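# Descriptive analysis of the structure
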Amino acid sequence: MNSYADVWKLVMERLRTRLTDTTVNTWFDEVEVVTMEDSAFVLHCSNTFKKSVLEKSYIKYIKEELKDIFAADLEVKILDDDLLEAYHGARPDHPGGPEGSDGFTFETFVIGPQNKVAYAAARAVAEGTSNRAYNPLFIYGNSGLGKTHLLYAISHQRRKLFPSHKIVYIKAEDFLNEFVELIRAGRGSEFRAKYRDADLLLVDDIQFVAGKEQMQNEFFHTFNSLYEAGHQIVLTSDRPAREMPLLDDRLRTRFEWGLMTDITPPDYETRLAIIKNRAAVMGLDLPESVTTYIAENITSNVRQIEGTLNKISAFWDLEGKQLDQESVSRAIQDMLERSSIPTVPVIIGQICKYYNIDEETLRGKSQSHEVTNARQVAMYLIRNMVRISLDDIGREFGGKDHSTIIYALKKVEKQLRSDPAFKETVNELIANINDR
């Protein structure tokens, strides 16, 4: 391994094969490696709530992966900011942008046809050359396509050009956790001052506010305060506002006031450029045949491309094998399997098998409770796993209209929140689809 950071990258890759993407993205996203001392692997997590969850539920998985890598039992320590301050003798400072974002600038963002509008808009916002039509800037697209990279890049560029500006970056889930904690502690004014005084507010994964009434109300007033003051708001989401069934209409309208632009999966040429760019940064000298092989086979998103290169780097360090197409193929076999996005027919087939319904009935007009329930679950899974439009989903089910699809999505989302047995059923279906 080149560094302890490389070890942690390998651990994360392995954890993604054992835990769901949602689990990893939710609880591990703010963890960074500090060092390895004696028989302990030392990590840092600023978010104390996430730190407590990691220590309670997930530290055992980290230990197991470290034992597999080093063939020895290692303790795992997770430090919060105070403990890290004591460890280093100084509190961590990240003036250029969100913690861990140093490499995510406009210069390291690979531009292609699928993201050039989002890139140009983000750059205009960062440099203060956009007009009110770009406020808010709403960037949407599937996970792993570069939305967070653009948020970090905006923060870095704005900080460089306007050092006095107050810039606030937050993930929507953390916005919720912080709001709940401070309100319970009677420090609501402190919370509001933090966000409503910002010159630039960057919110990642804003779709998480949907369905949370109190949080939506708070964000509504935060949005209004910033907008009326002429301050910039940038939001990212996995879908456009109009396709969030549980989003308050007041927020939906405001999210659509400015510029909405999407990012789609990179084409072959863009993937090739990303691979070469990232490999150069990592010091990997990849043969052209290997670069082409990765670009042809890892197709779903940028994050998966980066994960693939991290795994190749670790494989190279650990095994000392030559980086030819055959060895690379063996090293990233699990990545190749995960790069395949399920199709509509696969999801329909698994739903029919699970509910013991034939496909014609599921796609048809039957209004029986069992068929309707299965059909609504199918619509929900297609929307969340394949990401086709609502109109396209309607066409898969005999031309059902936009409002019918919205109703189905809303009903499934509500039931997932209130019915643990139903949630288990949906999770089982997702596992079946992914393991097909």
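That block above? That's the structure.
Residues numbered from 1 in each chain as written. Predicted model: local features only at pLDDT ≥ 70, side-chain atom pairs only at ≥ 80, totals over all residues. Heavy atoms only, no water.

### Overview of the overall build of the protein chain
Where we set the bar: Secondary structure elements follow DSSP: runs of H or I no shorter than four residues count as helices, runs of E no shorter than two count as strands, and numbering proceeds from the N terminus. Burial classes follow relative accessibility: with a 1.4 Å probe on protein chains only, a residue under 20% of its type's maximum area counts as buried, one over 50% as exposed, and anything between as partly exposed. Each accessible area is a Shrake-Rupley result for a 1.4 Å probe, and residues are judged covered by the shown protein chains and nothing else.
Within the protein chain, the regular secondary structure consists of 21 helices and eight strands. For the protein chain, buried positions account for 50% of its 436 residues. When the accessible surface of the protein chain is summed, it comes to about 20400 Å², and 48% of that surface belongs to carbon and sulfur atoms.

### Focus: the pairing of strand E6 (residues 200-204)
How we decide: A pair of strands is treated as paired once DSSP finds two or more bridges between them. By convention a crossover is right-handed if, when the strands point away from the viewer, the path from the first strand over the helix to the second runs clockwise.
The buried count for E6 comes to five of five residues, which makes it a mostly enclosed element. Side chains Leu 200, Leu 202 and Asp 204 project from E6 onto one buried face, and the interleaved Leu 201 and Val 203 project onto a second face that is buried too. By the bridge criterion, five bridges tie strand E5 (residues 167-171) to E6 in an arrangement that is parallel. When the bridges of E6 are listed, Ile 170 appears paired with Val 203. With four bridges joining them, E6 and strand E7 (residues 232-237) adopt parallel strand pairing. Note on E7: the bridge partner recorded for Val 203 is Leu 235. With helix H9 (residues 213-228) bridging E6 and the parallel E7, this β-α-β connection has right-handed handedness.

### Some points on the environment of Glu 306
Residue placement: Glu 306 occurs in helix H13 (residues 302-319). Residue class for Glu 306 comes out partly exposed when judged on its relative accessible area of 25%. Sequence-wise, Glu 306 and Ala 279 are 27 residues apart; in three dimensions their C-alpha atoms are separated by 8.9 Å.

### Details of the nonpolar core
Nonpolar side chains in soluble globular proteins tend to end up buried together. Applied cut-off: Here, the term nonpolar core denotes a set of buried Ala, Val, Leu, Ile, Met, Phe, Trp, Tyr and Cys residues that are joined through side-chain atoms within 4.5 Å.
Formed by 31 residues in total, the largest nonpolar core has its most connected members in Ile 351, Leu 362, Leu 381, Ile 382, Ile 393 and Phe 397. Listed by contribution, the elements that provide at least two residues to this core are helix H16 (344-355), helix H18 (369-385), helix H19 (390-396), helix H20 (402-418) and helix H21 (420-434). The leading source of residues in this core is H18, at nine residues. Counting residues in hydrophobic clusters, the runner-up holds 30 residues, among them Val 168, Phe 175, Leu 182 and Val 209.

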